[in-house]
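Structure assessment
Each chain, written out:
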Amino acid sequence: MGPASRRLRAIVTRPREQAEPLAERLEEAGLEVVLCPLIELEPIGPAEVDVSAYDWVVVTSPRGARELAERRRGELPPVAAIGPGTAAALRERRIEPALVPRVSTQEGLVAEMPRDPGRVLFAGAEDARAYLAKALGADTVVLYRTRELRPAEPPEGDLVVLASASAARAFAGLAVEIPAVCIGPETTREARAHGVRVVSEAETHDLDGLVAAVARAARI
């Protein structure tokens, strides 16, 4: 994709406070990293979340896991995490997820939930897809919102790394022709729906999977 005389440039679009681990791994893999945060995450919602009345709590992002861990009150019921990255964020806060589906999508999580899960709480983002909450008849508590950022100048690079559907939408709004690597199917679906060319998707929806997907794309 780029001249052989220089390293390929990968644009990292994660929020500024989440970008460093990915950037370091990509640099270790031999890529030049361009930091261009396209979203920021803002905590909102209640100061405390009483989970004691629920049979399950569901989280679908590392940030949702973090906010739940910091604000929960009462005895925590079994927690379902949408994928490995979200599960890791729970474990960092000494919460062992009871369910991590084989397919890291809302549909995949719903498919592996118990047939009668009882009362379910979905803890997540303001702009989260409604499928999961509707399918499970879950109550929803909004713990953060995603705000799009627009750089003063469009980023330049050989690949853009998209780790969320909101980042995919924000990148599409820049109207630049740079192929994308996505963390999972929901991000890929959103990227393609907005006209972004996706050349690689992570097989596991976590940092390791994302780095491996970028490495594959760099060899195209």
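Now for a description of the structure that goes with this document. (Residues numbered from 1 in each chain as written. Predicted model: local features only at pLDDT ≥ 70, side-chain atom pairs only at ≥ 80, totals over all residues. Heavy atoms only, no water.)

1. Brief notes about the sheet that holds strand β5 (residues 56-59)
If you walk across this open sheet you meet the five strands as β3-β9-β8-β5-β7, and the pairing is mixed. Two strands bound the open sheet, and with one partner strand each, they are β3 (39-43) and β7 (79-81). If you compare each strand with its neighbour and ignore which way they point, the axes differ by 25° on average. Pairing between β3 and strand β9 (residues 139-148): five bridges, direction antiparallel. In the strand pairing of β9, Glu42 is matched with Arg145. (Pairing = 2+ DSSP bridges. Helix = DSSP H or I, 4+ residues; strand = E, 2+ residues; numbered from the N terminus. Axes fitted to C-alpha atoms, helices over the stretch in contact; angles between N-to-C directions.)

2. Focus: the environment of Arg216
Relative to the helices and strands, Arg216 resides in helix α8 (residues 207-218). The residues touching Arg216, leaving out its near neighbours within four places in the chain, are Ser200, Glu201, Ala202 and Glu203. A distance of 2.8 Å separates a polar side-chain atom of Arg216 from the backbone oxygen of Glu201. (Contact = heavy atoms within 4.5 Å. Polar contact = N/O pair within 3.5 Å; in protein donor to acceptor, adjacent residues only side chain to side chain.)

3. Looking at the pairing of β9
As judged from the five bridges shared by strand β8 (residues 120-125) and β9, these two strands associate in the parallel manner. Within the sheet, the bridge partner assigned to Ala123 lies in β9 and is Val141.

4. Describing the sheet that holds strand β2 (residues 32-35)
The strand order β2-β1-β10-β11-β12 describes an open sheet built from five strands, whose pairing is parallel. Because the sheet does not close on itself, it has two edges, and the strands there are β2 and β12 (198-201). On average, each strand axis in the sheet is inclined to that of its neighbour by 30°, with strand direction left out of account. The pairing of strand β11 (residues 180-182) with β12 spans three bridges and is classified as parallel. For Ala180, the partnering residue across the bridge sits in β12 and is Val198. Contacting β10 (159-162), β11 and β12, α8 runs over the sheet at an angle of about 135° to β12.

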